[in-house]
Every structure is written in structure tokens, then in C-alpha cells.
Amino acid sequence: MSEYELSPVLSKYLDKHLVFPLLEFLQEKGLYDENDILKSKLHLLKNTNMVDFAMDIHKALHGTDDVPQSMKDHRSEVVARLRQLQHDVDPIIKCLENPNVVRNFRQDKAFNLQFLQDDYQIGPEHVEALYQYAKFQFDCGNYTLAAELLQPYRTLCTNSERNMSALWGKLASDILMQNAEAAREDINKLKESIDNQPFAPPLVQLQQRTWLLHWSLYVFWNHENGRNDLIDLFFNQQYLAAIQINAQHLLRYVATAVVVNKRRRAVLKDLIKIIQQEAYEYSDPITQFLECLFVHYDFDGAQHKLAECEAVIENDFFLTGCKDEFIENARLFIFETYCRIHQCIDIKMLAERLNMDQEAAEKWIANLILNARLNAKIDSQSGTVVMGTQSQSVHEQIMDKAKQLSVKSFMLANAVVGGGRT
């Protein structure tokens, strides 16, 4: 299933530091040649400050304890640069460590800068040194320190572009530290900054939204409420447009999030429409499974695609942890859809549709009827499931319609407000 492996596509929209976890995963899975992975790592490290790491990979790749002189020279340059930056940034760091200083900060950044200049002789050159030192530490792989430095820098920076750059750096640092809660907050701040740029060219906003969608995958698949967050962001009208224009491959992740999230089934119809519209640009077993089941009602095709989905998810860095959950919910989709159009169902035939043996399928259906309170019963003598009338109550219908209208109204209001700003 390497044909559906998305790392080469995803890496185009990621910071080079974010690509390393993908390469580690691929190396562990053995999807690519070991030497090719090592060469890719070495290429990524070329313009970073992680010289020791690059040396270790070079030794492993070439089977030697020697490294090129250029690497040794680069290491000396990095050490010299580190010492210079530490000297430049030392005054502002000592100042910010003083609790009395931070206590006197206000929302007005210009006031803070003037306050530091008048009382502590901290000028713009020190603030710039703080940014350069944080960036340097990030390039060294010291993500914890980088995140700690970027936080006070953003309270002092008056340049909107630099502020945005610092926020991207903070998000990358929190992702790489696996601090999902902080990274989730960073995503919300970045989204607000991107959407509220008054004079940004639409093409720039489109590119930034595309980046944010990709970076958010690291957070949403590792946060307890991440799947809801993913659906909310990816179905936002402006971000959905970014997917359809720049990144149709992200449909894999929104499709998986909808399948495993039982509470968000209301967006399934919209998802199916989008998958159909973009099928000429992108499709994989996950999107094809939904098409087979909800467009063509091809249960044999859905069964075949479900088996392929298992392999695709197993080899996907972001989705591998939810494989069992996806398979369980996909089987539930098959069962529910089949039940809508059949009143009496042969358990043996249904077991084949679900890729299960007959005994396991009968137990699975019995538990499903019990837990989901389905209007159905199992006839063990004839080996069938007999369905009762399945109808949604008027109250449930009204609630579903109200939720859909609320979401669409919110998206429309955001689009109107966003259009007014531009």
C-alpha cells in the first residue's frame, strides 16, 4: 500500500523539523529502503544546527566513524554563533526573569518596549536578539527552550509578520514536544491571525490556511477532542476551499475523523458530496469505501475497500492509532446501511460483508442490537437478523436539522465578515 503513502505530499507543507517524525515512522515500518530514509534525514539536517545528529546519521549511512571536514567546520560555526547569541540575549533574558518586570507589562506592546527602554535599557536590538536566539535554539532541536523564548517575544514584537513567524515557531515547538493542549491553543491563535489579516493577499491566506491544515494533523490526532476540532476546522468554508484547491489528499483525514466520530454523522452527506467532486483529483481506499457504500450501495466493493483501508491506516503516521476504531465503525456503517434496505438479513452473508466469521458476526450484531437499542432480533434457527421499522422521531429530525442550520449559518456569517474585512 506504499502507493497511498502520503509523506512525500505532506512534507511539502511542513517545516523540516516536523518531517522527522514521519521519517522515523517510515523507517520503523520499512516502507522504504533504509539508506533512502537516512539520506532524506541527512538532507533535512543540512541547513539546521543539529550538527551532531547529522554526524551520527552520516556515520550510520556510510558505515564509518569519520565525518567530512565540512561538517566539523559547520559545528564550529554553530558553537561560535551560539556563544555570540547568548552574549547578545543575556540582558533581556535576565530582565524578563525579574517578576517585577513582567508584572508591569500591559496589553500595549509599545508601552512595554518604552518601559523596558526607560527603566532597564533594553532596546529593539535586544528584542531582535531574543527572536534570533529562539530561532537558533529551534534549529538546534531544543524545542522546549524555543517555545519558552517565543512566548515573551510575542508580547514585545510590534511587527505583524515577525509575530506570525513566532507563532508558527511556537506551534512547531509544542508539536515536537508533544504538548497537545498548548499546540491546540496555538492553532486557534494562528487561525484567528490568518483570518483577520486586513491587507493580506488572498493567495497568501490560502497558502497559510493550507499549512495550518497540515500542521494541525499532529495535534488533532493526539488530543482527546481533536477529531471534533479537525471536523470543525476542515469544514470551515475558507479552509474547505483550501483543501479543494491545494490539498485534496487531506480528504483522507477528514473522512476518517467522520467515520470514527459517531456524534458528527450530520456532516456525512456534505463529506460524500465533496469526495465525489474531488474524486478526479484524489481518491484512496478510505474515500472509495464511503463512495461504494453511500453512493453506489456496492456492498461487495465496500467490503473489498475496507480490507484495503486497514493496510492504508496501518501505514499512515497520523491514523495508525485509530485502525481498530475505524474498522469497527466502518463495519457499523455497512451494517446500518444494509439494514436500511433489507428487512431480513442472512447472518452468514453479512459476516462476509463485514470480513468476519459467522460466529463472531452473530456476537457482534447481538452486542450492537443491545448497545444501540436497534429495533431488530436474531433468529438463530434460520441464521437471520429480522429488522423492525427504523424511523427517526420528529424530535430527532428537528434537532438534526437545527444543528445543520446552525453550522451553515455560522459558516455563512464567518464568510460575510471575512469578505467585509478584505
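For clarity, every value in this text was computed on a predicted model and none was experimentally measured.

### Overview of a positive patch on the surface
Then, number 1: The grouping of Lys269, Lys273, Lys401 and Lys408 at the surface amounts to a positive patch.
Then, number 2: Breaking the positive patch down by element, the ones donating at least two residues are α16 (268–278) and α22 (394–421).
Then, number 3: Owing to a relative accessible area of 68%, Lys269 belongs among the exposed residues under this scheme.

### Some points on the side chain of Arg154
Then, number 1: Summarising the element assignment, Arg154 is placed in helix α9 (residues 143–156).
Then, number 2: Despite its burial, Arg154 pairs with no opposite charge; the closest candidate is Asp186, at 6.4 Å N-O.
Then, number 3: Those residues in contact with Arg154, other than ones at most four positions away along the chain, are Lys109, Asn163, Ala166, Leu167 and Lys189.

### Topic: the nonpolar core
Then, number 1: Membership of the largest hydrophobic core comes to 133 residues, with the highest contact counts inside it found for Leu171 and Phe326.
Then, number 2: Of the residues forming this core, the biggest block, nine residues, is contributed by helix α19 (residues 323–341).
Then, number 3: In this structure Phe326 touches Thr256, Val259, Val260, Ile286, Leu306, Cys309 and Ile313, once residues within four positions along its chain are discounted.

### Topic: the packing of helix α10 (residues 160–176) against helix α12 (residues 202–220)
Then, number 1: Where α10 meets α12, the axes come as close as 10 Å, and the angle between the chain directions of the two elements is 20°. Classified by the angle their axes make, α10 and α12 are roughly parallel. Of the two possible hands of crossing, α10 and α12 adopt the one that is left-handed. Contact with α10, carried on its side by Met164, Trp168, Leu171, Ala172 and Ile175, involves Gln208, Trp211, Leu212, Trp215, Tyr218 and Val219 of α12 and no other residues of that element.
Then, number 2: Grouping the constituent residues of the contact of α10 with α12 by class yields ten nonpolar, one polar and no charged.

### Here we look at the pattern of salt bridges
Then, number 1: Scanning the entire structure with this criterion turns up 19 salt bridges.
Then, number 2: A salt bridge links Glu325 to Arg227; the nearest nitrogen and oxygen atoms lie 2.8 Å apart. Separated by 98 residues along the polypeptide, Glu325 in helix α19 and Arg227 in helix α13 (residues 226–234) bring together distant segments of the chain.
Then, number 3: A residue is classified by how much of its surface remains accessible, and Glu325, at 31% relative accessible area, is partly exposed.
Then, number 4: Accessibility expressed as a relative area gives 25% for Arg227, which makes it partly exposed.
Then, number 5: Between Asp284 and Arg252 there is a salt bridge, with the nearest N and O atoms lying 2.8 Å from each other. With a gap of 32 residues between them, Asp284 in the loop between α16 and α17 (285–294) and Arg252 in helix α15 (residues 251–260) connect regions that are remote in the sequence.
Then, number 6: Assessed through its relative accessible area of 0%, Asp284 is described here as buried.
Then, number 7: Classification of Arg252 by relative accessible area gives buried; the value is 1%.
Then, number 8: When salt bridges with common partners are traced through the structure, they connect Lys29, Glu314 and Lys323 into a single cluster.

Calculation notes
- Residues numbered from 1 in each chain as written.
- Predicted model: local features only at pLDDT ≥ 70, side-chain atom pairs only at ≥ 80, totals over all residues.
- Heavy atoms only, no water.
- Patch = residues over 30% accessible without salt bridge, like charges linked within 9 Å, V, L, I, M, F, W, Y side chains within 5 Å.
- Areas by Shrake-Rupley, 256 points an atom, 1.4 Å probe, with all protein chains shown as cover.
- Salt bridge = Lys/Arg side-chain N within 4 Å of Asp/Glu carboxyl O.
- Lys, Arg positive; Asp, Glu negative; His and termini not counted.
- Charge placed at Lys NZ, Arg CZ, Asp CG, Glu CD.
- Helix = DSSP H or I, 4+ residues; strand = E, 2+ residues; numbered from the N terminus.
- Buried < 20%, exposed > 50% of the residue type's maximum accessible area, 1.4 Å probe, protein only.
- Contact = heavy atoms within 4.5 Å.
- Core = buried A, V, L, I, M, F, W, Y, C linked by side-chain atoms within 4.5 Å.
- Axes fitted to C-alpha atoms, helices over the stretch in contact; angles between N-to-C directions.
- Parallel < 35°, antiparallel > 145°, perpendicular 65-115°, else oblique.
- Left-handed = near helix turned anticlockwise from the far one by under 90°.
- Nonpolar A, V, L, I, M, F, W, Y, C, P; charged D, E, K, R; others polar.

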